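A closer look at the structure
Okay, here's what each chain looks like letter by letter:
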Amino acid sequence: MKVRVRFAPSPTGGLHLGGVRTVLFNYLFARAHGGDFVLRIEDTDQARFVAGAEQYIMDCLQWCGLEPDESPVKEGQYAPYRQSERKHLYAEYAQKLVTEGNAYYAFDTTDDLERMRREMKKDEHSVPQYDKTTRMQMRNSLTLPADEVKTLLDQGTPYVIRIKVPADKTVTLTDMIRGEVSFDSNLVDDKVLLKADGMPTYHLAVVVDDYLMKITHAFRGEEWLPSAPVHVLLWENLGWKESMPQWAHLPLILKPDGNGKLSKRDGDRLGFPVYAMNWTDPKTNETTKGFREMGFIPQAFVNMLAMLGWNDGTGQEVFSLDELVQKFDIGRVHKGGAKFDFEKAKWFNHQYIQHTDNEELAKLAAPYVEKELGIGNLDLGLLSTVVPLIKDRCTLLPDFWEQGHFFFRTPTTIDEAAIKDKWNDQKQQFFTAWTGILTATDNWNHQDLENSFNEEVTKHGLKKGDVMLPLRIMLVGGKFGPGVFVIAEVIGKEETMKRIKHITG
Ligand code: GLU
């Protein structure tokens, strides 16, 4: 049977890094088994629908290089891939469940439900829910006479269809990460399957679509584990047990201190991104920062995510996507949550910067440099020359500006205080003499520049160290940057002379 996996997000906002990790594990599994990776948009909850979120999710997958084989914009044999466009498919299955006694119509109003919750509370049930203990006291097709039910339906009375969870049953599933997981059906509530507006809930839609789309393996976040017994019961009751996908519930990604699930708020609080890309909430216009805009290379981001809850047992941490396809094994994913460590995420990016080809890096860094310069057509040749000179000092892509702005623009702030105290006539004379030599030279390369500098140092009875820092401050503006003669070579004769004269007068 052909392996088919799916990522099934609800388009409700930004894409959390845990979501991208789910995408990645699906993608790796599909690639390793010659299977299909499907993107299905689960947009049946109209109240939570957010405009633009679907496009954003697809853009994130594209940025990460984890593109689906089938999706709403790349339809395959199982189209449509948006649940709202599949609305007509679900009711029939809900009806079948009712007819066979595995689900029922419920006519309860909001008031009825509230009353139930209030009254049951008194009855010592800490979490009153619609289930085997309460359902027989509610207004549904199990408690009302058949003719009344028919009349209510004929009159168009609003109703939902609920699953009838059997009592005293152990519902078991085999999870590829957790092994056998069992649930006591007495603790599972009668979840709504079909809503009053005719839309399925997630629980019905996920099962029907996984079946119709011939999904063989369903990997999703651990937060869905409590819903799994409902899904297993639906697979059984719809007569599809044989086709049920193999499950894997992926461990949570935890806050850096390990205390609970990592949320967007933690990122805001601790100053790191949690979403893959910048997300602007269309209602509040508030933008939440993403890894992309912070300056992560997508391959580094993806590699970092692979290591959140998985390793190949050898201690290797840097893997290309192809290597991950070869080596990833869902059975080796840990059960326990994985702590997110932003410093480690940056470490991955630093590693990738060191190993990415300079021309490629120049393309990646260009938008950040262009933004600072307020231009849109940066000379990529110049940036490719600069990149290898400073990449060891760069962790995130904006660092190429921080570490190399003086290659593109005359420094606007000069740390004159760093040289003022030790400045004297002798140094002044040295720079006047050296710039005189530079004016006459045609050999503008770092080696010749350094040689003439050294000769002039000797002639003036100075030590090289006396004038090296002043030269650096003149060219760079501060005490940083790569070799000072290399900088002079790259910025060119005219600019070098201008910067020296700017200080020495
Ligand atoms: N629509 C669910 C979500 O938003 C999908 C869960 C699943 O994969 O079954 O995460």
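Residues numbered from 1 in each chain as written. Predicted model: local features only at pLDDT ≥ 70, side-chain atom pairs only at ≥ 80, totals over all residues. Heavy atoms only, no water.

1. Quick word on the pairing of strand β2 (residues 36–39)
Applied cut-off: Exposure categories follow from relative accessible area, calculated using a 1.4 Å probe and restricted to protein chains: below 20% of the type maximum is buried, above 50% is exposed, and the middle band is partly exposed. Strands are runs of DSSP state E lasting at least two residues, helices are runs of H or I lasting at least four, and both sets are numbered from the N terminus onward. At least two DSSP bridges between two strands are needed for those strands to be called paired. Handedness is read with the strands pointing away from the viewer; a crossover is right-handed when the path from the first strand over the helix to the second is clockwise.
Alternating residues of β2 divide into D36 and V38 and F37 and L39, and every residue in both groups is buried. In terms of strand pairing, strand β1 (residues 4–7) meets β2 through four bridges, oriented parallel. Within β2, the residue paired with V5 across the bridge is F37. In this fold, the crossover linking β1 to β2 by way of helix α1 (residues 17–32) has right-handed handedness.

2. Notes on the packing of aromatic side chains
As a reminder of what qualifies: Pairing of aromatic rings covers Phe, Tyr and Trp, the last through its six-membered ring, and needs centres within 6.5 Å; plane angles under 30 degrees mean stacked, over 60 mean edge-to-face, and all others mean tilted. A ring is considered to have a charge above it if a Lys NZ or an Arg CZ atom is located within 6 Å of its centre and within 35 degrees of its normal.
Scanning the entire structure with this criterion turns up 32 aromatic pairs. On the numbers, 5.7 Å between centres and 70° between planes, the contact of F406 with F480 is edge-to-face. Here the residue F406 occupies a position in the loop between α15 (399–404) and α16 (417–420), and F480 occupies one in the loop between α19 (464–476) and α20 (484–491), the gap between them amounting to 74 residues. A network of ring pairs unites the aromatic residues W63, F272, F291, F296, F301, F340 and F342 as a single cluster. Above the face of the Y27 ring, R31 is positioned so that its terminal group lies 4.9 Å from the ring centre. We note R162 situated over the ring of Y130; from NZ or CZ to the ring centre the distance is 3.7 Å.

3. Brief notes about the site of the ligand
Counted only if it meets this: We call a residue near a molecule or strand as soon as one heavy atom of that residue lies within 4 Å of the molecule or strand. Within 3.5 Å is the distance limit for a polar contact, defined as a pair of N or O atoms, with the added protein rule that one can donate a hydrogen and the other accept it, and that residues adjacent in sequence qualify only through two side-chain atoms. For the accessible areas, the method is Shrake-Rupley and the probe is 1.4 Å, while residue cover comes only from the protein chains on display. Lys, Arg, Asp and Glu make up the charged group, whereas Ala, Val, Leu, Ile, Met, Phe, Trp, Tyr, Cys and Pro make up the nonpolar group; the residues left over, Gly among them, are polar.
The full set of residues close to the ligand is R6, A8, S10, E42, Y202, V206, R220 and W224. Contacts to the ligand include E42, whose side-chain N or O atom sits 2.6 Å from a nitrogen atom. Y202 places a polar side-chain atom, nitrogen or oxygen, 2.6 Å from an oxygen atom of the ligand. Within the complex, 84% of the 290 Å² of free accessible area of the ligand lies under protein. Taken together, the residues of the shell around the ligand sort by class into four nonpolar, one polar and three charged.

4. Description of α1
Keep this limit in mind: What a helix is expected to span follows from its residue count: subtract one and scale by 1.5 Å.
The end-to-end C-alpha separation of α1 is 22 Å, in line with the 22 Å expected for 16 residues at 1.5 Å each. Within α1, 14 of the 16 residues are buried, which leaves the element mostly enclosed by the surrounding structure. Phi for G34, located one or two positions after α1, is positive at around 60°.

5. Re the packing of helix α17 (residues 425–440) against α19
Worth spelling out the cut-off: Fitted lines through C-alpha atoms give the axes, limited to the stretch in contact for helices. The angle between two N-to-C directions lies from 0 to 180 degrees. Note: crossing handedness is left-handed where the near helix turns anticlockwise from the far helix by less than a right angle, and right-handed where it turns clockwise. Residue contacts follow a heavy-atom distance rule, with two residues in contact if any of their heavy atoms lie within 4.5 Å.
Packing of α17 against α19 leaves a shortest axis separation of 11 Å and a crossing angle of 65°. Crossing handedness for the pair α17 and α19: right-handed. Where α17 abuts α19, its residues K427, F430, F431 and W434 lie against D466, V467, P470, L471 and M474. Here the residues of the contact of α17 with α19 sort into seven nonpolar, no polar and two charged.

6. A look at the environment of G156
Mapped onto the elements of the fold, G156 is located in the loop between α5 (146–154) and β4 (160–163). For the pair G156 and E119, spaced 37 residues apart in sequence, the C-alpha separation works out to 29 Å.

7. A closer look at the nonpolar core
What counts is decided by this rule: Side-chain atoms within 4.5 Å are what join buried Ala, Val, Leu, Ile, Met, Phe, Trp, Tyr and Cys residues into a set we call a nonpolar core.
Counting 60 residues, the largest nonpolar core has L17, F291, F301, M304, I330 and F340 as the members making the most contacts within it. Taken together, the elements giving at least two residues each to this core come down to β1, α1, β2, α2 (53–64), β9 (246–250), α10 (298–306), α11 (321–327) and α12 (342–355). The leading source of residues in this core is α1, at nine residues. Excluding residues that lie within four positions of it along the chain, L17 makes contacts with I253, L262, P273, V274, F291, F301, L305, L308 and F340. Among the nonpolar cores identified, the runner-up in size contains 43 residues, and V369, I390, L462 and M474 belong to it.

8. Some words on the pairing of strand β3 (residues 103–106)
Of the two faces of β3, both are covered, the one formed by A103 and Y105 as well as the one formed by Y104 and A106. By the bridge criterion, four bridges tie β3 to β4 in an arrangement that is antiparallel. If you follow Y104 over to β4, its bridge partner there is R162.

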